[in-house]
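# Geometric and topological summary
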Amino acid sequence: MAVSWEESVEYSINTVYLLFSAYLVFIMQLGFAMLCAGSVRAKNATNIMLSNVVDAVVGSISYYLFGFAFAFGSTAGSGSNPFIGTSFFALKDVPNGDYDYSFFLYQWAFAIAVAGITSGSIAERTQFSSYLVFSFFLTGFVYPIVAHWVWSSSGWLSPSSGSLLFGSGAIDFAGSGVVHLVGGIAGLWGAIVEGPRVGRFDAFGRPVVMRGHNATLVVLGTFLLWFGWFGFNPGSFDKILVSYPTTSDQGNWTAIGRTAVTTTLAGSMGGLVTLFGRRLLVGHWDALDVCNGVLGGFVAITSGCSVVEPWAAIICGLVSAWVLIGLNILATKGGPIAWGCGAWGLIFTGLFAEEQFVIQAYDSGRSGVSRPYGLLLGGGWGLLGAQLMEVIVIVGWVSVTMGPLFYALHWLKLLRISVEEEIAGLDISSHGGYAYHSHTEQPRPPHYGGYHRMENET
């Protein structure tokens, strides 16, 4: 059947919107690279930047071959599996009536972000070969299964499935749980199995601050991530030209604008509270702490960005800052930005989601539809129960998959580098030289060959 020109224009605009959002999310890889490079010591800068490149190239192949199929490979009404997708391997039969290439590209950009989240927790001490293994496994299998549960129309946690968990389904609009909690728990397991970096604790077991070498790169990375988040959260609507039948002037374009506002407010509040909170604790204004607070606010709001009011986003950012500050004091392993703020974001959505916005996001604003919404707004326990269930199953799933993988790599002596290599730095011991020509952190050989001559002499 021929498509009218109006439908063609609508499809084209929606495709351009989704592709542009995918490009913004991909820019976040550059943000991760700069943030991580600035957060490590200079002797490991090349290694961490190469790890972020590997996220993209390895993730592209694994997500193309398996990941997209496991995440979205079955559709409602076709004997679908609520646990795992079973078709579309290597994009067979794509495009189709449900998915096209632009949708694949957008979801791929999310998948490679998960491995980038993990890399920061195990930086400066991981064998590069093992990074290739768990990056492929994480983006090709572990993450896509969770994405299927929550984002596929047939997933058992999905708010769009035919059988809603607790009458609601879990609302994780852009991935506080699916992306950030998955990446954070994977990184936590890696940090537990590998152990701390050499020098991370003193002789009495007290933590020693190991600051990154370049605050400029950290701030640059934070702003690049902020920019990319406008594709991450508002872009998750997938389509911009969807009008709401109950209004004459509102549609997805309205909700997309509100989502960008809630994202900005949560991140800004997280940064502001962290700025003053850390000032009270450590006695000075710290730019790196502010950057972490901003990112923590973004991670938390990602779940409910489309279904909460702007005032609620400020509460989200405020609490996420204290979650981050508290976990940084208590936790010495893993990246609490991802797993701590990600878990809080899911709970926050169960408390503050607006029914009207939930219907707009998941039912295109149809009239006569009723959905559970935030507990504190009178919406009952259904949504909060589904949110808590998502937290529990993600922690469990990632633990039973990534935990054994890290232990297996450790048992095979493929996970952690030697103490000598760690002290010398991964750049010189694994990558042929330092990232900077003027590297003077300690008197060490400037070239890869010199490092091995020194090894042989000792």
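Residues numbered from 1 in each chain as written. Predicted model: local features only at pLDDT ≥ 70, side-chain atom pairs only at ≥ 80, totals over all residues. Heavy atoms only, no water.

## Considerations on the confidence of the model for the protein chain
- When pLDDT is averaged along the protein chain, the result is 90; 93% of the residues meet or exceed 70.
- Across the protein chain, the element-wise mean pLDDT spans from 55 in helix α15 (residues 448-457) up to 97 in helix α12 (residues 382-411). (pLDDT = per-residue confidence, 0-100. Helix = DSSP H or I, 4+ residues; strand = E, 2+ residues; numbered from the N terminus.)

## What about the environment of Leu 188?
- Mapped onto the fold, Leu 188 is located in helix α5 (residues 176-194).
- With a relative accessible area of 19%, Leu 188 lands in the buried category.
- Taking the C-alpha atoms as reference points, Leu 188 and Thr 86, separated by 102 residues in sequence, lie 30 Å from one another. (Buried < 20%, exposed > 50% of the residue type's maximum accessible area, 1.4 Å probe, protein only.)

## Description of the nonpolar core
- Counting 112 residues, the largest nonpolar core has Tyr 63, Phe 68, Tyr 143, Trp 151, Val 398 and Met 402 as its most contacted members.
- Not counting chain neighbours up to four residues away, the residues in contact with Phe 68 comprise Tyr 63, Gly 73, Phe 88, Leu 91, Val 94, Tyr 99, Phe 103 and Phe 104.
- Among the nonpolar cores identified, the runner-up in size contains 9 residues, and Ala 37, Ala 123, Leu 217 and Leu 224 belong to it. (Core = buried A, V, L, I, M, F, W, Y, C linked by side-chain atoms within 4.5 Å. Contact = heavy atoms within 4.5 Å.)

## Notes on the packing of helix α4 (residues 128-151) against α12
- Close contact between α4 and α12 brings their axes to 11 Å; oriented N to C, the two are set at 160 degrees. Here α4 lies roughly antiparallel to α12, going by the angle between them. Considering the relative orientation of α4 and α12, their crossing is right-handed. Here α4 contributes Ser 130, Val 133, Phe 134, Phe 137, Leu 138, Phe 141, Val 142, Ile 145, Val 146, Trp 149 and Val 150 to the contact with α12, which in turn contributes Glu 390, Val 393, Ile 394, Trp 397, Val 398, Thr 401, Met 402, Leu 405, Phe 406 and Leu 409.
- Its residues placed into classes, the contact of α4 with α12 shows 18 nonpolar, 2 polar and 1 charged. (Axes fitted to C-alpha atoms, helices over the stretch in contact; angles between N-to-C directions. Parallel < 35°, antiparallel > 145°, perpendicular 65-115°, else oblique. Left-handed = near helix turned anticlockwise from the far one by under 90°. Nonpolar A, V, L, I, M, F, W, Y, C, P; charged D, E, K, R; others polar.)

## Looking at the packing of aromatic side chains
- Applying the stated criterion across every chain yields a total of 36 aromatic pairs.
- Residues Phe 83 and Trp 149 carry aromatic rings whose centres are separated by 5.5 Å and whose planes lie at 45 degrees to one another, so their mutual orientation is tilted. Residue Phe 83 is located in the loop between α2 (45-72) and α3 (101-119), and its partner Trp 149 is located in helix α4; the two are separated by 66 residues in the primary sequence.
- Assessed through its relative accessible area of 4%, Trp 149 is described here as buried.
- Between Trp 226 and Phe 298, the aromatic rings sit 5.2 Å apart at their centres with planes inclined by 70 degrees, giving edge-to-face as the arrangement. With Trp 226 in helix α6 (residues 215-232) and Phe 298 in helix α8 (residues 287-301), this residue pair connects regions lying 72 residues apart in the sequence. Of the two residues examined, Trp 226 and Phe 298, each falls in the buried class. (Phe/Tyr/Trp six-rings, centres within 6.5 Å; stacked < 30°, edge-to-face > 60°.)

## Observations concerning a nonpolar patch on the surface
- A contiguous nonpolar surface patch, about 490 Å² in accessible area, is contributed by Trp 5, Val 9, Ile 13, Leu 241 and Trp 253.
- The topology assignment puts Ile 13 in helix α1 (residues 5-39).
- Given a relative accessible area of 38%, Ile 13 falls into the partly exposed group. (Patch = residues over 30% accessible without salt bridge, like charges linked within 9 Å, V, L, I, M, F, W, Y side chains within 5 Å. Areas by Shrake-Rupley, 256 points an atom, 1.4 Å probe, with all protein chains shown as cover. Salt bridge = Lys/Arg side-chain N within 4 Å of Asp/Glu carboxyl O.)

## Structural notes on the environment of Val 208
- With respect to the helices, strands and loops of the structure, Val 208 is situated in the loop between α5 and α6.
- Relative accessible area serves as the criterion here: at 32%, Val 208 is assigned to the partly exposed category.
- Here Val 208 is in contact with Gly 199, Arg 200, Phe 201 and Asp 202, once residues within four sequence places are set aside.

## A short note on the environment of Leu 132
- For Leu 132, the position within the fold is in helix α4.
- Judged by relative accessible area, Leu 132 falls into the partly exposed class, the value being 35%.
- Placed 81 residues apart in sequence, Leu 132 and Ser 51 show a C-alpha to C-alpha distance of 8.5 Å.
- Sequence-distant contacts of Leu 132, that is, excluding residues within four places in its chain, are made with Val 54 and Val 58.

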